[in-house]
Amino acid sequence: MKKKEFVTQDLLSKIYQDTTAGPRKLPPGRQLAEEYGVSRFTIRQALEKLVSIGVVRIVQGSGIWINEHARNNPLIYNSITEKRFDQMRYRMISLHKKRPDRVAQQIFGIDEESFIWHFCRLRYVDDQPVQLEVSSMPVADFPDLNQQAIERSIQQYVLSKGLIISHMLTTYRAVSVSREQAVILGCKKGSPAMHINNRGILEGGRVFEVSDIIDINYTCTWVSPYNRDNLAWRQNQGV
């Protein structure tokens, strides 16, 4: 683990370990650098990540304040969501309509005479291609889907329709990059990657999007309450 990643993880752990009530601060950057035996630049990188995921805020002349909501809610962030929007961009590769196959009919609750949008886009982080995404959306719900929406934010596009996003169902699986994917992503065939399947669900239960994503630089961190009930259930089931 790189030094900045260790410092980030350790600071995050200490934030959740501290049960002190009321406003809390981290030590100054100079003190943190001495405690961890790293440069102030490394500390600054770690703090920038904590700021970007909403755990701390840096107030000039006041210090590094821990956001009160941080410890009271589960936290999930990954190599994409820890980045600011100005560090990311999309490039659309293709967009077309097609008839839904049986799987798409089942997912979207539509018939074989309906249409779905099928699009492919490439996501860049810090000007490097890291994700290849292939997605489908029902045409009936989003008749004006276009390149501009695809190269910005699909979720913002959905919300602009007055719809409310309820849940995201996500599955992860380790894979190797295929020859075709490697050409687009600019990496070697067989490189390790994460296959991410996303299903976006609206309030009321309709699915608005299904995506298959190949990510060649994926990391993810969860901070969540210990689930005693789930452990007890699994033990009772003989697992």
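On a predicted model such as this, the values are computed, not experimentally measured, just so you know. (Residues numbered from 1 in each chain as written. Predicted model: local features only at pLDDT ≥ 70, side-chain atom pairs only at ≥ 80, totals over all residues. Heavy atoms only, no water.)

1. Digging into the environment of Gln147
As for its placement among the helices and strands, Gln147 is situated in helix H5 (residues 147-150). Setting aside residues up to four positions removed in sequence, Gln147 forms contacts with Met92 and Leu95. (Helix = DSSP H or I, 4+ residues; strand = E, 2+ residues; numbered from the N terminus. Contact = heavy atoms within 4.5 Å.)

2. Some details on unusual backbone geometry
Leave glycine aside and you will find that most residues have negative phi; peptide bonds, for their part, are mostly trans. Even without glycine at this site, Asp126 takes up a positive phi of about 50°. Mapped onto the elements of the fold, Asp126 is located in the loop between strand E6 (116-125) and strand E7 (128-138). The class of Asp126 is partly exposed, set by a relative accessible area of 41%. With a phi angle near 65°, Asp127 is a residue other than glycine that sits in the positive phi range. Topologically, Asp127 is positioned in the loop between E6 and E7. (Buried < 20%, exposed > 50% of the residue type's maximum accessible area, 1.4 Å probe, protein only.)

3. Notes on a nonpolar patch on the surface
On the surface, Ile76, Tyr172 and Trp222 cluster together to form a nonpolar patch covering roughly 330 Å² of accessible area. Among the structural elements, Ile76 can be located in strand E4 (residues 75-78). (Patch = residues over 30% accessible without salt bridge, like charges linked within 9 Å, V, L, I, M, F, W, Y side chains within 5 Å. Areas by Shrake-Rupley, 256 points an atom, 1.4 Å probe, with all protein chains shown as cover. Salt bridge = Lys/Arg side-chain N within 4 Å of Asp/Glu carboxyl O.)

4. Considering the environment of Tyr124
Checked against the element boundaries, Tyr124 lands in strand E6. As for Tyr124 and Leu185, which are separated by 61 residues in sequence, their C-alpha atoms are 9.6 Å apart. If sequence neighbours within four positions are ignored, Tyr124 has contacts with Gln87, Met88, Arg89, Arg91 and Pro129. Within polar-contact distance, the side chain of Tyr124 engages the side chain of Arg91 at 3.3 Å. (Polar contact = N/O pair within 3.5 Å; in protein donor to acceptor, adjacent residues only side chain to side chain.)

5. A short note on the confidence of the model for the protein chain
Confidence in the prediction for the protein chain averages 90 pLDDT; 97% of positions are at 70 or higher. Helix H8 (residues 228-236) is the least confidently modelled element of the protein chain, averaging 75 in pLDDT, while E6 averages 97, the highest of any element. (pLDDT = per-residue confidence, 0-100.)

6. Remarks on the sheet that holds strand E1 (residues 24-26)
Working definition: the strands of a sheet are paired by backbone hydrogen bonds and lie parallel or antiparallel to each other. With antiparallel pairing, the three strands of this open sheet are ordered in space as E1-E3-E2. In this open sheet, the two strands that pair with only one neighbour each are E1 and strand E2 (56-59). This sheet shows a mean twist of 40° between the axes of neighbouring strands, independent of strand direction. Together, E1, E2 and strand E3 (63-66) form the strand contacts of helix H3 (residues 40-52), whose direction differs from that of E2 by roughly 115°. (Pairing = 2+ DSSP bridges. Axes fitted to C-alpha atoms, helices over the stretch in contact; angles between N-to-C directions.)

7. Topic: the pairing of E7
The element E7 is largely enclosed, with a buried count of nine among its eleven residues. Two successive antiparallel strands, E6 and E7, enclose a turn made up of two residues, where Asp126 displays a positive phi of approximately 50°. Examined bridge by bridge, E7 and strand E10 (residues 207-215) share six bridges and lie antiparallel to one another. Note that in E10 the partner of Gln131 across the bridge is Asp215.

8. Some details on the pattern of salt bridges
Per the stated rule, a full pass over the model turns up five salt bridges. The salt bridge involving Glu133 is made with Arg121; its shortest N-O contact spans 3.1 Å. Taken together, the residues Glu133 in strand E7 and Arg121 in strand E6 connect sequence positions twelve residues apart. Here Glu133 and Arg121 have matching classes, each one buried. A salt bridge links Arg206 to Asp141, with the shortest nitrogen-to-oxygen separation between them at 3.4 Å. One end of the pair, Arg206, is in the loop between strand E9 (192-202) and E10; the other, Asp141, is in the loop between E7 and H5, and 65 residues separate them in sequence. Note on Arg206: relative accessible area 42%, which makes it partly exposed. Asp141 gets classed as partly exposed once you look at its relative accessible area, which sits at 28%.

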